Amino acid sequence: MIVKICGINTLDTLKCCNQNNIDFFGMIFYKKSPRNISVRKAKILQKESKNLNINGVGVFVNENLNNINQYIENLNLNYIQLHGAENEDYIKKIKNLNIKVIKKISIKKKSDLDSIKYFKSADYYLFDYKPESNELPGGNAKSFDWNIVKDLKIDKPWFLSGGVNIDNIELIKSKIVPFGVDLSSGVEKKLGIKDNRIINNFIEKLNNA
């Protein structure tokens, strides 16, 4: 199972992720997020990751396309996660830059899966809890009904996100069986602060599940 940890902002956490063979680390460029990272810090992480076996992902929410182009160029990004209301035309323009795109789809009821057809150019889908109007677009430590995506068979790889943690990873691996999991608050000791011990324990439980 592919693992992506979002909201990484220190070299120490990045190296811990790499040691645990985590596949992707997310850098959040959204100022309202408690996990927002500066371009200066992101450059340091991206430079280090080129010597490691882990891929950096720039995470954006309804960002101006010209700004995203600058992020891609400045940080030498190969992966982008779109966590807002970006449409298919927006995705196609990013794909012209030879970038892999992860598109978030908010889920509350089964019919929400129908929106997959509007994002055919995405390389991956990420199914997350649908936030209320007063909540952040992601990282709320809340889950949707995972039975909605249980044994889901679609033509793109997909991540399960929203409330994923050490207490439910065995269930996810045995019953839901996603292509990958995406987590953030599930490996934090407090809001926005990752904990290497929790990361280590999470991966150990995942591997032994």
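Predicted, not measured: the structure shown is a model, and the values here were computed from it.

Visitor: An account of the overall build of the protein chain is needed here, citing residue identities and associated values.
Guide: In terms of regular secondary structure, the protein chain is built from 6 helices and 10 strands. Against the globule reference of 17 Å for 209 residues, the protein chain gives a C-alpha radius of gyration of 16 Å, in line with a compact fold. Taking the principal axes of its C-alpha atoms as reference, the protein chain extends roughly 40 × 40 × 30 Å. Residues counted as buried form 53% of the 209 residues belonging to the protein chain. Look at the contacts in the protein chain between residues 6 or more apart in sequence, and 54% of them connect residues 24 or more apart. Accessible surface, the protein chain: about 10,300 Å² in total, of which carbon and sulfur atoms supply 44%. For the protein chain, the distance from the average position of its 33 positive side-chain charges to the average position of its 23 negative side-chain charges is 2 Å.

Visitor: Account for the packing of aromatic side chains, naming residues and giving values.
Guide: With the rule as written, the count across this model stands at 11 aromatic pairs. Between Phe29 and Tyr71 the ring centres are 4.6 Å apart and the planes differ by 40°, which places this aromatic pair in the tilted class. Here Phe29, found in the loop between strand S2 (24-28) and helix H2 (39-49), pairs with Tyr71, found in helix H3 (residues 65-75); they are 42 residues apart in sequence, far enough to count as distant. When its relative accessible area of 4% is taken as the criterion, Phe29 is described as buried. By relative accessible area, which is 16% here, Tyr71 ends up buried. Between Tyr124 and Phe179, the aromatic rings sit 6.2 Å apart at their centres with planes inclined by 45°, giving tilted as the arrangement. With a gap of 55 residues between them, Tyr124 in strand S6 (residues 124-129) and Phe179 in the loop between helix H5 (169-176) and strand S8 (180-183) connect regions that are remote in the sequence. Given a relative accessible area of 37%, Phe179 falls into the partly exposed group. Taken together, Phe24, Tyr79, Tyr124, Phe159 and Phe179 form an aromatic cluster joined through their ring pairs.

Visitor: Tell me about the pattern of salt bridges, and please be specific about residues and values.
Guide: Following the criterion strictly, the structure yields 9 salt bridges and no others. Across the pair Glu86 and Lys103 runs a salt bridge whose closest N-O atoms are separated by 3.5 Å. With Glu86 in the loop between strand S4 (79-82) and helix H4 (88-95) and Lys103 in strand S5 (residues 100-107), this pair connects stretches of sequence that are 17 residues apart. Note on Glu86: relative accessible area 3%, which makes it buried.

Visitor: Help me get a handle on the pairing of S6, residues and values and all.
Guide: Of all 6 residues in S6, 6 are buried; the element is thus mostly enclosed. Two strands pair when backbone bridges link them, and S5 and S6 are joined in this way by 6 bridges, in the parallel orientation. Bridge pairing links Ser106 to Asp128 in S6. Pairing of S6 with strand S7 (residues 158-161), which is carried by 3 bridges, proceeds in the parallel orientation. Within S7, the position partnered with Phe127 by the bridge is Leu160.

Visitor: A description of the packing of helix H1 (residues 11-19) against helix H6 (residues 196-208) should follow, citing residues and the corresponding values.
Guide: At a minimum axis distance of 10 Å, the contact between H1 and H6 shows a crossing angle of 15°. Between H1 and H6, the crossing angle belongs to the class labelled roughly parallel. The element H1 and its partner H6 pack so that their crossing is right-handed. From H1, Asp12, Thr13, Cys16 and Cys17 reach across to H6, where they touch Asn196, Ile199 and Asn200.

Visitor: Hey, could you go over H4 for me, with residue numbers and the actual values?
Guide: All buried positions along H4 are accounted for by Glu88, Tyr90, Ile91 and Ile94. One side of H4 holds all its buried residues, which, seen down the axis, span an arc of 160°. Structurally, H4 contributes buried residues whose contacts are with H3, S4 and S5.

Rules behind the numbers
- Residues numbered from 1 in each chain as written.
- Predicted model: local features only at pLDDT ≥ 70, side-chain atom pairs only at ≥ 80, totals over all residues.
- Heavy atoms only, no water.
- Helix = DSSP H or I, 4+ residues; strand = E, 2+ residues; numbered from the N terminus.
- Rg over C-alpha atoms; globule rule 2.2 N^0.38 Å.
- Buried < 20%, exposed > 50% of the residue type's maximum accessible area, 1.4 Å probe, protein only.
- Contact = heavy atoms within 4.5 Å.
- Areas by Shrake-Rupley, 256 points an atom, 1.4 Å probe, with all protein chains shown as cover.
- Lys, Arg positive; Asp, Glu negative; His and termini not counted.
- Charge placed at Lys NZ, Arg CZ, Asp CG, Glu CD.
- Phe/Tyr/Trp six-rings, centres within 6.5 Å; stacked < 30°, edge-to-face > 60°.
- Salt bridge = Lys/Arg side-chain N within 4 Å of Asp/Glu carboxyl O.
- Pairing = 2+ DSSP bridges.
- Axes fitted to C-alpha atoms, helices over the stretch in contact; angles between N-to-C directions.
- Parallel < 35°, antiparallel > 145°, perpendicular 65-115°, else oblique.
- Left-handed = near helix turned anticlockwise from the far one by under 90°.
- Arc of directions from axis to C-beta.

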